[in-house]
Amino acid sequence: MKLNAKMLFFILLTSVLIFGAAVGITSISLKNKSYINSTSLADTYANDYANVIKTYLDSYMESTKVLQHIFNNFDDIPMQKRRTIFSNMMKRVLKENDNYISVWTIWEPNTIDTLDSKNINAIESTFIGNYSPTFYKDKGQVKTQTSTEQELFQGDYYTIPKSTGKETIMEPYRYSYTGNKKDEVLETNTIVPIIKNDNFLGVVGIDIPLDNFQQLIDSIKPIEGSYAFLASNNGVFITHPYKNLVGKSFKTFAPLTQKKLHVLEKIKKGEKFSLITIDKNILRSYITFYPIKIGKTITPWSFAIVVPKEVLMVKAKKIFFNSIIIGIVGLLVLSLIILLVSKKIVTNPILKITNSLKNLSKGDVAKSQKVNIKTIDEVGDISKSTNNLIDGLNSAIDFANEIGQGNLDTEFKLLSDKDTLGYSLMEMRESLVKAAKEEEIQKVEDEKRNWATRGLAKFGEILRDNNDNMKKFSYNIIKNLVKYVEVTQGAFFIINDDNEKEIRYDLMAAIAYGRKKNINKQVLMGEDLIGRAAQEQKILSLTNVPENYISIVTGISTDKNPRNILIVPLNLNDYIYGVIELVSFNEFKPYQIDFIEQVAESIASTIASIKVNLKTNKLLEQAQYQKDELSQHEEEMRQNLEELQATQEEAEKHDVELKEVLKSMEAVTLMTILDMEGMILDSSNQMAKAYGYTVDFMKGKYLDYFFVKDEKSRDDYEELLIELQAGNKQIRERCVIVNKVEKWFREVYAPIFDGDTAYKIVIIAIDITESKLLDKQIAEV
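Keep in mind the model is a prediction, meaning the values are calculated, not measured. Sequence order as written defines the numbering, with residues in each chain counted from 1. Only residues with pLDDT of at least 70 are given local features in this predicted model, and only at 80 or more are side-chain atom pairs given and counted; all residues enter the totals for whole chains, interfaces and linings. As a convention, hydrogens and water are excluded, and side-chain values are obtained from all of the structure's heavy atoms.

A. Seen up close, the layout of surface pockets. Grid spacing is 1 Å over the protein atoms alone, the probe is 1.4 Å, and a cavity is where that probe fits but cannot get out, while a pocket is an open set with protein on both sides within 12 Å along at least five of seven lines and lining residues have an atom within 4 Å of a point. Grid points are joined across faces, edges and corners, and a volume is the space filled by probe spheres set on the points. Quantified by volume, the second largest pocket comes out at close to 980 Å³. In terms of lining, the second largest pocket is formed by 40 residues, of which the most central are Val66, His69, Ile70, Asn73 and Ala400. Secondary structure elements with two or more residues in the lining of the second largest pocket: α2 (26-71), α3 (82-95), β6 (185-196), α10 (378-404) and α11 (420-465). A total of eight residues in the lining of the second largest pocket trace back to one element, the largest contributor, which is α11. Put simply, Ala, Val, Leu, Ile, Met, Phe, Trp, Tyr, Cys and Pro go in the nonpolar bin, Asp, Glu, Lys and Arg in the charged bin, and everything else, Gly too, in the polar bin. Tallied by class, residues from the lining of the second largest pocket come to 23 nonpolar, ten polar and seven charged. For helices the rule is a DSSP run of H or I covering at least 4 residues; for strands it is a run of E covering at least 2, with both sets numbered from the N terminus onward.

Put into structure tokens, the structure is as follows:
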């Protein structure tokens, strides 16, 4: 039943009772009517003031929703700047609004961006790196609270809006951001979930003090002797004239009333109701409750006005005595006046305002919701405030839409110096303008990086394709470099280190004005700008050089000469393989110099490879020549062995002749004669000298004396002796250290037979030291 219908019902009922009852019960009826009117008036006041308080609370929730709306557009902000922009925005909102204690937000992991791993334990992040800043005020200064939570996403302030997906206002609690007990304040949180494309991303909240409501509600005394209080969804007193009850449950205040009438359950359901207390330890009073639904929350609070029953009955008693005189006419007139006045001045305006606020709570902020009430009273003030709120929200929406469409120069008029939402929107616009400028700068830098990347890829391809001819390689490099960097002239010098005492750089290729130039030029290390750059191993960049400094000109007298020179050494591992000289009409930009320096290192590496290849080819040619010589020596040795074999056959009959032959071979050959047990019978002087001994010293000693150094060489020697005793010829390569010099020999072990029985062993050796050293050089290359 509507309020107007209720009032009409009670008036008519009273009239019927008056007309239908005897004069004897007139006094009782008038008392009851007076009592009902008083309670109705208390109900009306409760309704009105509840709407006033709802307006205050809704304004906090609307501010939170504005932050949530802005956060939902985080995709428009570069990833690297989202946390900074949002943090600055929240700090500004907190700083410019005196009624806020704290502004905070908690995001699910890797939702605002993908940088959680880089923000682990950062000051505005948690130990897993998700974005979770809390900003609070301490003596007027905005500070950041460091996250110390060990279990994330567990508090009611997070789980409730996440599970319901709705706006949330928390139960009041006492808290101190400084950690000092004396700084504790009674506060609550207005929280809005951040949901985008049906995905839950996090929450944003504003902490508001409740002490201000204590002062406001203490001033509400619509009826003499009455007072008001505000209770949370759980029935906890947020305000109460008796300060010791603040923070305690209604059950503590009136336990018997709670038990019989289930007050807490009705408050939780958001019911509008009234009652008479029945507890003996408190003054018997009439309490009217009116629910306050903040935004779209599902946990309504309740506003109540308490009027002692004796106060209500005072007026009833007064009317009782007057009713005897005034009678039926006075009662009818009074009823008519109450009906008309309440409908025109109270009921209708409040209903209009209530309907408008209900539509606002649903998100309908059209200008048609404005209320046309021009009374000069509290209702008129509520109407004016409601209309201003609608205008302000529409202005903010229009401005936000313009910003969303990219019209960053849109003007916005603040409602007042305390228009926190307006200031926040203007700050958002300034942040977006700044971000757009930074994006343009980043675009230019990206173009420079792309230019360098394409150039490095291009020259990487060129360097891979030209490495067999130094002249062709040099010209191809300088031609493409001059073209890519867009300069007029270029020269390419390569080191000539054939003479280590006089290192110079030879001009291998030059190009000017798009044409190849054949110039013969050498520059010594430290000589001229080229030699200085090579010696100091650093880039030389010269501007505004004299016009006569450049020797290559166009030939047209009216043309000016280029006056900017860049000299870049080709440095690889602190060794300068060459120098590039570039000449331009324009100054060389830093990004061009960096690019040329990177290309120079690749060119130096390629030159080093070309030089190594040339040196390797030369060494391979030398190795082939020495291998041919070695093959020739082996052929001669084979022939000597064949002669020795033939001589051996003849020696069976002419042993004396054999000794003469061996003696003649000893004079020119590295040769040693052993018995079948490995004892040295004789040796040529050349053999003894090659191994660093004398013939007399070697005679009579076993071969293992000279060759066996460890267990492995012992096994090798015994295997060799077994093969020789079996009559098998053997070939070994052996390294000998003579006077601290390493020498290599190829040794041929040949048994000498007497009939079918071997009775001596001849060792013939060839010095292969030079071939071994050549192989080692090739391997090192």
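B. Molecular detail of the packing of aromatic side chains. Any Phe, Tyr or Trp ring, taking Trp's six-membered ring, that has another such ring centre within 6.5 Å forms a pair; planes under 30 degrees apart are called stacked, those over 60 apart edge-to-face, and the others tilted. Enumeration over the complete set of coordinates arrives at 36 aromatic pairs. Between tyrosine 136 and tyrosine 177, the aromatic rings sit 5.1 Å apart at their centres with planes inclined by 10 degrees, giving stacked as the arrangement. Note that tyrosine 136 is positioned in strand β2 (residues 134-138) and tyrosine 177 in the loop between β5 (173-175) and β6, a separation of 41 residues in sequence. The exposure classification of tyrosine 136 matches that of tyrosine 177, with both residues buried. When the centroid spacing of 4.9 Å and the interplanar angle of 85 degrees are considered together, the rings of phenylalanine 229 and phenylalanine 237 count as edge-to-face. Residues phenylalanine 229 and phenylalanine 237 agree in their burial class; the two are buried. By the ring-pair criterion, three or more aromatic residues cluster together here, those being Phe229, Phe237, Phe250, Phe253, Phe273 and Phe289. Whether a charge lies above a ring is judged from NZ of Lys or CZ of Arg, which has to be within 6 Å of the ring centre and within 35 degrees of the ring normal. If you follow lysine 701 out to its NZ or CZ, it ends over the ring of phenylalanine 697, 4.1 Å from the centre. Partly exposed describes any residue whose relative accessible area lies between the buried limit of under 20% and the exposed limit of over 50%, with all areas from a 1.4 Å probe on protein chains only and scaled to the type maximum.

C. The sheet that holds strand β9 (residues 237-239), seen in detail. Strand order across the open sheet formed by five strands is β9-β8-β12-β11-β10, with antiparallel pairing between neighbours. What marks the edges here is a single partner per strand, and that holds for β9 and β10 (273-276). In this sheet, adjacent strand axes meet at a mean angle of 30 degrees when their direction is disregarded. Note on contacts: a residue pair is in contact if any heavy atoms of the two residues lie within 4.5 Å. Whenever a helix is involved, its axis is fitted only over the stretch in contact; in every case the axis is a line through C-alpha atoms, and angles between N-to-C directions fall within 0 to 180 degrees. Its contacts with the sheet place helix α5 (residues 211-218) against β8 (227-231), β9 and β12 (301-308), and it is angled at close to 75 degrees to β9. By definition, two strands form a pair when at least two bridges between them are found by DSSP.

D. Representation of α5 in the model. Within α5 the residues assigned to the buried category are Phe213, Gln214 and Ile217. The buried residues of α5 all sit within an arc of 110 degrees when viewed along its axis, so they share a single face. Here the arc refers to the set of directions running from the helix axis out to each C-beta atom.

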